[in-house]
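# Chain and residue survey
Here is what each chain is made of, one letter per residue.
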Amino acid sequence: MGFIEDIKARAKQNMKTIVLPETTDKRTLEAASRILAEGVAKVVLLGNEENIKKTAEGFDLSGAEFVDPESTDKLDSYINLLVEIRKNKGMTPELARETLTKDYLTFGVTMVKAGDADGMVAGAVNSTANVLRPSLQILKTAPGTKLVSSFFIMVVPNCEYGHNGTFVFSDCGLNQNPNSEELAAIAESSAKSFKALIGDEPIVSMLSHSTKGSAKHADVDKVVEATRIAKESYPDIKIDGELQADASIIPSVGSAKAPESSVAGKANVLVFPDLDAGNIGYKLVQRLAKAEAYGPMTQGIAKPVNDLSRGCSADDIVGVIAITAVQASAMDNK
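The text that follows walks through the structure, step by step, so that each part is easy to find. It should be emphasised that the depicted structure is a prediction, and the values quoted were computed from it without experimental measurement.

Scanning the model with the defined rule gives 17 salt bridges in all. The residue Lys192 makes a salt bridge to Glu188 at a minimum N-O spacing of 3.1 Å. One end of the pair, Lys192, and the other, Glu188, are both in helix H8 (residues 180-198), four residues apart, so they sit about a helical turn from each other. Overall, the relative accessible area of 12% leaves Glu188 in the buried class. Lys212 is paired through a salt bridge with Asp240; the nearest N and O atoms lie 2.8 Å apart.

What follows concerns the nonpolar core. Leu45 and Ile153 are the most contacted members of the largest nonpolar core, which totals 59 residues. The element best represented in this core is H8, accounting for nine residues. In this view, Leu45 contacts Leu20, Thr23, Leu29, Ala32, Ile52, Leu61, Ala64, Glu65, Phe66 and Val67; residues no more than four positions away in its chain are not counted. Counting 27 residues, the second-largest nonpolar core is a separate cluster that includes Val109, Met111, Ala122 and Val131.

As a packed pair, helix H5 (residues 93-102) and helix H6 (residues 104-114) sit with axes 5 Å apart at the nearest point and diverge in direction by 100°. It follows that H5 is roughly perpendicular to H6 by the angle criterion. For the pair formed by H5 and H6, the contact residues are Thr99, Leu100, Thr101 and Lys102 on the first element and Tyr104, Thr106, Phe107 and Thr110 on the second.

Overall, the coordinates contain five aromatic pairs when judged by the stated rule. Consider the rings of Phe152 and Tyr282, whose centres lie 3.8 Å apart with planes at 20°: the pair is stacked. Of this pair, Phe152 sits in strand S5 (residues 149-155) while Tyr282 sits in helix H12 (residues 275-288), placing them 130 residues apart in sequence. Given a relative accessible area of 8%, Tyr282 falls into the buried group. Taken together, the aromatic side chains of Phe167, Phe169 and Phe272 make up a single cluster linked through ring pairs.

Relative to the 16 Å expected for 12 residues at 1.5 Å per residue, helix H7 (residues 128-139) spans 16 Å between its end C-alpha atoms, a close match to the ideal helical length. Against helix H4 (75-86), H6, strand S4 (119-122), strand S10 (292-299) and strand S11 (305-307) lie the buried residues of H7. Directly after H7, the chain includes Lys140, whose backbone phi takes a positive value near 65°.

What follows deals with H6. Because the α-helix completes a turn every 3.6 residues, residues three or four places apart line up on one side. Here H6 lies mainly inside the structure; eight of its 11 residues are buried. Two or three places before Leu105, at the opening of H6, Asp103 has a side-chain oxygen 3.1 Å from that residue's backbone nitrogen. Once H6 ends, the next one or two residues include Gly115, with phi positive near 85°.

Here the focus is the environment of Val131. With respect to the element layout, Val131 can be found in helix H7. Residue classification places Val131 among the buried positions, given a relative accessible area of 0%. Separated by 26 residues in the primary sequence, Val131 and Leu105 place their C-alpha atoms 6.5 Å from one another. Discounting chain neighbours no more than four positions away, the residues touching Val131 are Leu105, Ala122, Gly123, Asn126, Val305, Asn306 and Asp307.

The strand order across the open sheet formed by five strands is S3-S2-S1-S4-S11, and the pairing between neighbours is parallel. In the strand order of this sheet, the two ends are held by strand S3 (65-67) and S11, each with one partner. The mean inter-strand angle of the sheet, taken between neighbouring strand axes irrespective of direction, is 25°. By the bridge criterion, three bridges tie S4 to S11 in an arrangement that is parallel. Bridge pairing links Val121 to Asn306 in S11.

Here we take up the pairing of strand S8 (residues 238-243). A large share of S8 lies buried, amounting to five of its six residues. Relative to S8, strand S7 (residues 203-207) is paired through five bridges, and the arrangement is parallel. Looking across to S8, one finds that Leu207 is bridged to Leu243. The handedness of the S7 to S8 crossover, carried by helix H9 (residues 218-233), is right-handed.

Here we take up the side chain of Asp25. Mapped onto the fold, Asp25 is located in the loop between strand S1 (17-20) and helix H2 (26-38). Using a relative accessible area of 8% as the deciding quantity, one classes Asp25 as buried. A distance of 2.9 Å separates a polar atom in the side chain of Asp25 from a polar atom in the side chain of Arg27. Once residues lying within four places of it in the same chain are set aside, the contact partners of Asp25 are Ala124, Val125 and Ile317.

Reading the values: the criteria
- Residues numbered from 1 in each chain as written.
- Predicted model: local features only at pLDDT ≥ 70, side-chain atom pairs only at ≥ 80, totals over all residues.
- Heavy atoms only, no water.
- Salt bridge = Lys/Arg side-chain N within 4 Å of Asp/Glu carboxyl O.
- Helix = DSSP H or I, 4+ residues; strand = E, 2+ residues; numbered from the N terminus.
- Buried < 20%, exposed > 50% of the residue type's maximum accessible area, 1.4 Å probe, protein only.
- Core = buried A, V, L, I, M, F, W, Y, C linked by side-chain atoms within 4.5 Å.
- Contact = heavy atoms within 4.5 Å.
- Axes fitted to C-alpha atoms, helices over the stretch in contact; angles between N-to-C directions.
- Parallel < 35°, antiparallel > 145°, perpendicular 65-115°, else oblique.
- Phe/Tyr/Trp six-rings, centres within 6.5 Å; stacked < 30°, edge-to-face > 60°.
- Expected span 1.5 Å × (residues − 1).
- Polar contact = N/O pair within 3.5 Å; in protein donor to acceptor, adjacent residues only side chain to side chain.
- Pairing = 2+ DSSP bridges.
- Right-handed = clockwise from strand over helix to strand, strands pointing away.

In structure tokens form, the structure reads like this:
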């Protein structure tokens, strides 16, 4: 069974409600129809039902819940909730009403905060900043999490490395130049994401252009310190570094370059030292190895909100909805 098929099967076992605010986008509506037809998740579509169905002509949305922010009977309760959360930032009932009825991203996140949805997927027509801003303002970070970061699930065909060719790459989409403490936090979040979505033990490599002192540079020192912090703070997670990419995933190279390491040659979670390396790395693997790349998924938000690429396909959206549903189930089990 492929990764996404496995994720769909797991999502079906514990049906979650995912809100989709971008209902002017036909790809989103096609994805919603397929999610509903396969019984992967419950779907909430934001906007005027008649207008949405016109846009979705040719797709079956029976079974979807339609919520119009301007006329829902829950608007007043959402206004009160938003004012309570943001009152120290100048939020008033009047501003909350205007924001919730005009900004569907904020409305969707508020639904999640209120418990009327388990997660949100957006980004097909909105920037990452616009998707994540209300998420961080309203949902905030998960308890015990130091920062929000992103990851990709990379599924590499005909690959014996990682978990049968499946890896978590992070952070490839959000934090530009994380310091040592932030890299350690990203490592912990990434390990949790791997465990929740792949189901196997995470084996985390802190990547560098150096393996165990083979090069000297401040950039290497950052990764060495991040590894020290991660091992000290998260002793139950198998983490090591600094390791080069080949030493991380190829057993023969790992045993030659870092023979004492329990991670070298076995890693399935790769933590990149900065956004340049992460973004370049995932795109090269996606294009040259013809890997499936699911992301950027977010980790560290109190409830799952995931961002899509604006160039995404309906297939991509289906996959991200299914992953978001499984993330929500994993949060239930904490």
